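# Observations on the three-dimensional arrangement
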Amino acid sequence: GTPSGPSTSVITKVKPKTKRPNLYRVLILNDDYTPMEFVVHVLEKFFNKDVEAATKIMLHVHHHGIGECGVFTYEIAETKVTQVMDFARKHQHPLQCVMEKK
Ligand code: NFA
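Here we summarise the structure given alongside this text. This one's a predicted model, so the numbers in the text were calculated from it and none came from an experiment.

With that settled, the discussion passes to the site of the ligand. In the region of the ligand, the neighbouring residues are Leu29, Asn30, Asp31, Thr34, Met36, Val39, Met58, Val61, His62 and Leu95. One of the side-chain N or O atoms of Asn30 is found 2.8 Å from a nitrogen atom in the ligand. Alone, the ligand offers 330 Å² of accessible surface; in the complex the protein occludes 88% of this. Within the residue set of the shell around the ligand, elements represented by two or more residues are α1 (36-47) and α2 (51-64). Tallying contributions element by element places α2 first for the shell around the ligand, with 3 residues.

With that settled, consider the packing of α1 against α2. In the contact formed by α1 and α2, the axes pass within 9 Å of each other and the chain directions differ by 125°. Between α1 and α2, the interaxial angle falls into the category oblique. Crossing of α1 against α2: the hand is right-handed. Judged by residue contacts, Met36, Val39, Val40, Leu43 and Glu44 of α1 engage Val51, Ala54, Thr55, Ile57, Met58 and His62 from α2. Taken together, the residues of the contact of α1 with α2 sort by class into 8 nonpolar, 2 polar and 1 charged.

We now examine the pattern of salt bridges. Pairs may arise between side chains of opposite charge once their charged atoms sit close together. All told, the structure shown has 3 salt bridges when counted by the stated rule. Here Arg25 ties to Glu68 by a salt bridge, and the two come within 3.4 Å at their closest N and O atoms. Linking Arg25 in strand β1 (residues 23-29) with Glu68 in strand β2 (residues 66-73), this pair joins segments that are 43 residues apart in sequence. A salt bridge links Asp86 to Arg89; the nearest nitrogen and oxygen atoms lie 4.0 Å apart. Remark: Arg89 and Asp86 occur in helix α3 (residues 74-90); sequence separation between them is 3 residues, near one turn of the helix. Asp86 sits in the partly exposed class, given a relative accessible area of 43%.

Basis of the calculations
Residues numbered from 1 in each chain as written. Predicted model: local features only at pLDDT ≥ 70, side-chain atom pairs only at ≥ 80, totals over all residues. Heavy atoms only, no water. Near = heavy atom within 4 Å. Polar contact = N/O pair within 3.5 Å; in protein donor to acceptor, adjacent residues only side chain to side chain. Areas by Shrake-Rupley, 256 points an atom, 1.4 Å probe, with all protein chains shown as cover. Helix = DSSP H or I, 4+ residues; strand = E, 2+ residues; numbered from the N terminus. Axes fitted to C-alpha atoms, helices over the stretch in contact; angles between N-to-C directions. Parallel < 35°, antiparallel > 145°, perpendicular 65-115°, else oblique. Left-handed = near helix turned anticlockwise from the far one by under 90°. Contact = heavy atoms within 4.5 Å. Nonpolar A, V, L, I, M, F, W, Y, C, P; charged D, E, K, R; others polar. Salt bridge = Lys/Arg side-chain N within 4 Å of Asp/Glu carboxyl O. Buried < 20%, exposed > 50% of the residue type's maximum accessible area, 1.4 Å probe, protein only.

Printed below as a string of structure tokens:
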């Protein structure tokens, strides 16, 4: 019979979607008690820094109060923060590690 009712022809756009993921900085905070060598060890163990890079970051945190360890997607950043906080607690150091959206 004669076609009736709403059209079923729908135009769909194909958009090349290469979405950038949201990125997060992982930061460590200075305190008066955590040994410098422990902070360097944390940066080597969890952020794949060599001793020289780790020492530079540690001294930056020591002098400025806060510093960046790396930039990651949400899930990786969250994992790094948890790993550092657990490791610091295990060794009874007050070292704090946080993440912030870039
Ligand atoms: N300020 C600490 C000290 O003098 C060293 C430290 C550096 C702690 C960076 C935390 C972060 N022992």
